[in-house]
Amino acid sequence: MTVSIAARGDAARAIEQVVPRLVTDLVASGITAQDPDLWGPAAETEASSRLGWVEAVATSRPLVPQIVELREQLRAEGIDHVVLAGMGGSSLAPEVITRTAGVPLTVLDSTDPAQVTAALTDRLERTVLVVSSKSGSTLETDSQRRVYEQAFQDAGIDPTGRIVVVTDPGSPLEAAATDAGYRVFTADPTVGGRWSALTAFGLVPSGLAGADIEELLDEADAISALLAVDIDENPGLVLGAVLAGTDPLRDKIGIVADGTHIIGFADWAEQLIAESTGKSRRGLLPVVLDVDAPELTADLPDLQVIRLVGSANEERHVADHEVEITGTLGGQFLVWEYAVAVAGRLLGIDPFDQPDVEAAKVATRALLDGDGDQPASALAEPAFRDSGIGVSATGLETGGSIAQAVTSLLSAVGPDGYVAIQAYVDRGVNRELAVLRDIVAEHVGRPVTFGYGPRFLHSTGQYHKGGPATGVFLQILADDAGDLPIPGRPFTFGQLIRAQAAGDASVLAQHGRPVLTLSSGDLPALADVVTAAVQGPSPTS
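Scope of this entry: the structure provided in the associated data block. Predicted model only: the values in this text are computed from it and were never measured.

Regarding the overall build of the chain
1) Next: Secondary structure assignment for the chain yields 20 helices and 16 strands.
2) Next: Projecting the C-alpha coordinates of the chain onto the three principal axes gives extents of approximately 65 × 60 × 45 Å.
3) Next: The burial tally for the chain puts 59% of its 541 residues in the buried class.
4) Next: Residue pairs at least 24 apart in sequence account for 77% of intrachain contacts in the chain once pairs closer than 6 positions are excluded.
5) Next: Separation of charge centres in the chain, based on 36 positive and 73 negative side chains, amounts to 1 Å.

The following block contains the structure:
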C-alpha cells in the first residue's frame with residue numbers, strides 16, 4: 001500500500017463508527033463513478049462537472065512525453081529557469097512536487113511589487129514563464145503575464161518562445177495564447193483548480209522544472225484501485241472520517257510534517273480542505289504547524305492533529321487523539337482528494353464550489369475602479385500611525401495605539417475561535433513575520449494560521465468568510481519604497497495588492513469578522529512592535 005494511516009482517540013473512534021457507514025452507502029465507488037448525487041440535490045449541478053480528478057492519472061498520461069520533449073527543447077536552447085505564474089491549486093501543487101523532487105521552480109503567486117520585481121530580474125535570459133489559469137481571467141496571473149511579456153520584449157526576447165500556457169479548453173486564455181503563438185496545454189475542464197495536482201496544472205510546470213512526473217502518476221495509480229473499493233481499509237474513507245467524522249467534531253485540522261520526505265504538503269492540503277469545506281457557516285480549518293507549535297501541547301478539544309510521517313515501518317507511538325499518515329506524494333494527493341470529498345458529504349456541504357472567493361475579487365475590482373467607498377489612490381491611508389506603523393481596523397476598537405488595537409483583536413478570540421495572520425508582503429525576504437504565528441498562538445491558547453497574501457485568498461479565504469464566524473484577522477502590509485506598473489492596466493502592482501487586502505477586509509467586515517490592518521516600510525520593526533503588544537498584559541486579565 002502506498003499510503004498508511006494510524007489513529008488513536010477520537011480519530012480512531014470516528015474511523016470505527018463512520019467508515020462502515022460510508023462503505024454501506026457505497027461512497028468510494030460512487031465518487032469513482034462520478035456520481036453527483038453523493039452531496040445532495042443542492043450540490044448536484046456543481047458536482048456533476050467537477051469530478052474529473054478521479055480519472056486524472058489516465059487522462060494525464062499522454063501529457064508526460066509532450067512535457068518532457070518541451071523541457072529538453074528548452075534546455076537545448078539554454079532556457080532552464082522555470083517561473084510559474086499561478087494562484088491557489090495552480091501553484092501550490094507544483095510547489096510541493098518540485099520541492100519534494102529537489103528541483104528548482106520559481107513560484108510567482110504574489111502581486112507584491114518587490115516579489116514580482118525580484119522574479120523579473122532573476123535570469124530573465126534563461127527563463128520560461130508558465131502561465132496557469134483555468135479561465136485566464138485571474139487578475140494576479142494576468143498581471144504577471146503582462147509584465148513578463150513586456151520584460152521579454154524590452155530585453156529583445158520573443159515571448160512566443162518563452163511563455164507556456166496551461167488552461168481549460170475553450171477559455172479566453174486559450175484563444176488569446178493561441179493567437180499570440182504561445183505553447184498551450186489544456187487540462188480537463190471537469191477538474192477544479194484545487195483538485196488539479198495530477199492534471200496539466202500540476203504536471204506542466206513541475207515537469208519543465210525537472211521533476212519525474214511519470215513516477216508521480218505511477219504513485220497515484222498504485223493507490224487508485226484501493227480508493228475505488230467500498231471496504232473498511234480504503235484510506236480515502238478512513239481519512240475522510242478522521243477529517244469530518246469525530247464526535248464532537250474536531251473542526252481545526254492541525255497538519256504537521258514530522259519526518260516525511262514530502263516538503264510543503266501541508267500548504268497544499270490547507271487550500272484543498274479550507275476552500276472545499278468552509279461554507280454555509282460550517283467547515284474544517286486547516287492549521288499548518290511545526291513540530292514544536294504551541295497548539296500541540298495546548299490540549300485543544302477541537303483540534304485534530306494529523307502528522308505526515310516517514311516510513312510506516314518506523315517504531316512510533318501515535319499520541320492520543322492524533323493521526324499519523326505516510327505514503328508517496330502521488331498517493332497522498334489522491335487520498336486527500338478522496339478524503340475531502342468524503343468530508344464534504346459528512347459535513348453536508350458541496351465540496352466543489354467556492355461561493356465566497358468571488359466576493360473579495362469583486363471588492364478588489366471595485367476599489368481599483370473607484371466604484372467602492374474609496375478610490376485606489378486612497379488605499380494607502382491608515383486611520384492613524386503609531387511608532388511609524390499605519391493602523392486601521394474594522395469591527396473592533398483600536399484605542400489609538402498598536403498595543404490597544406492588538407489587545408482588542410486578541411480579546412475577540414472566543415473559546416472556539418482562531419486567529420488568522422495575513423501577510424501581504426514579499427514572502428521570499430520577509431520570513432521573520434512568520435514567527436508571529438507561534439507568539440500569538442502561545443498567547444491566546446487557540447489555533448493560529450499564517451498566510452501570505454494574496455495567495456491565501458484562493459484557499460483559506462473561502463473558509464474565513466464562508467465557514468464558522470469564529471475568526472479574527474490581522475493583516476500586515478508592506479509600505480514598499482518602489483512600485484511596478486502593470487502593462488495595459490491603469491493601476492500598479494502596489495495598488496493591486498493593497499486593493500486586495502482592503503477588499504478582503506471589507507468583505508470580512510460584512511460577515512462580522514474583526515480585522516486589524518498594520519502597514520510599515522520596516523517589517524522587522526513591525527514584527528517587534530506586534531510581539532511586544534502580544535506579550536504585554538493578557539487579553540483576559
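Topic: unusual backbone geometry
1) Next: Asp-247 connects to Pro-248 through a cis peptide bond whose omega is 0°.
2) Next: Within the secondary structure, Pro-248 is located in the loop between helix H12 (235-244) and strand E7 (252-257).
3) Next: Backbone torsion omega between Gly-453 and Pro-454 reads 5°, so that peptide bond is classified as cis.
4) Next: Assignment of secondary structure puts Pro-454 in the loop between strand E14 (448-452) and helix H18 (460-466).

Here's the deal with the sheet that holds strand E3 (residues 106-108)
1) Next: The five strands lie next to each other as E3-E2-E4-E5-E6, forming an open sheet whose pairing is parallel. For this open sheet the edge positions go to E3 and strand E6 (183-186), each flanked by a neighbour on one side alone. Taking the axes of each pair of neighbouring strands and ignoring which way they run, one obtains an average angle of 20° across the sheet.
2) Next: Bridge analysis of strand E5 (residues 163-167) against E6 gives four bridges, and the strand direction is parallel. Counted as the bridge partner of Thr-167 is Thr-186 from E6.
3) Next: Contacting strand E4 (127-132), E5 and E6, helix H5 (residues 63-76) crosses the sheet at an angle of about 155° to E6.

Some details on the packing of helix H10 (residues 200-209) against helix H11 (residues 213-227)
1) Next: The contact between H10 and H11 brings their axes to 9 Å, and the two run at 140°. Classified by the angle between their axes, H10 and H11 sit oblique to one another. Contacts between H10 and H11 involve Leu-203, Ser-206 and Gly-207 from the first element and Ile-213, Leu-216 and Leu-217 from the second.
2) Next: Of the residues that constitute the contact of H10 with H11, the class distribution is four nonpolar, two polar and no charged.

Some remarks on the packing of H12 against helix H14 (residues 329-347)
1) Next: At a minimum axis separation of 7 Å, H12 and H14 run at an interaxial angle of 50°. It follows that H12 is oblique to H14 by the angle criterion. By crossing handedness, the relation of H12 to H14 is classed as right-handed. Contacts between H12 and H14 involve Pro-235, Gly-236, Leu-237, Leu-239, Gly-240, Ala-241, Leu-243 and Ala-244 from the first element and Val-335, Trp-336, Tyr-338, Ala-339, Val-340, Val-342, Ala-343, Leu-346 and Leu-347 from the second.
2) Next: Across the contact of H12 with H14, the residue classes break down as 15 nonpolar, two polar and no charged.

Rules used in this analysis
Residues numbered from 1 in each chain as written. Predicted model: local features only at pLDDT ≥ 70, side-chain atom pairs only at ≥ 80, totals over all residues. Heavy atoms only, no water. Helix = DSSP H or I, 4+ residues; strand = E, 2+ residues; numbered from the N terminus. Buried < 20%, exposed > 50% of the residue type's maximum accessible area, 1.4 Å probe, protein only. Contact = heavy atoms within 4.5 Å. Lys, Arg positive; Asp, Glu negative; His and termini not counted. Charge placed at Lys NZ, Arg CZ, Asp CG, Glu CD. Pairing = 2+ DSSP bridges. Axes fitted to C-alpha atoms, helices over the stretch in contact; angles between N-to-C directions. Parallel < 35°, antiparallel > 145°, perpendicular 65-115°, else oblique. Nonpolar A, V, L, I, M, F, W, Y, C, P; charged D, E, K, R; others polar. Left-handed = near helix turned anticlockwise from the far one by under 90°.

On their own, these measurements won't tell you what the molecule is for.
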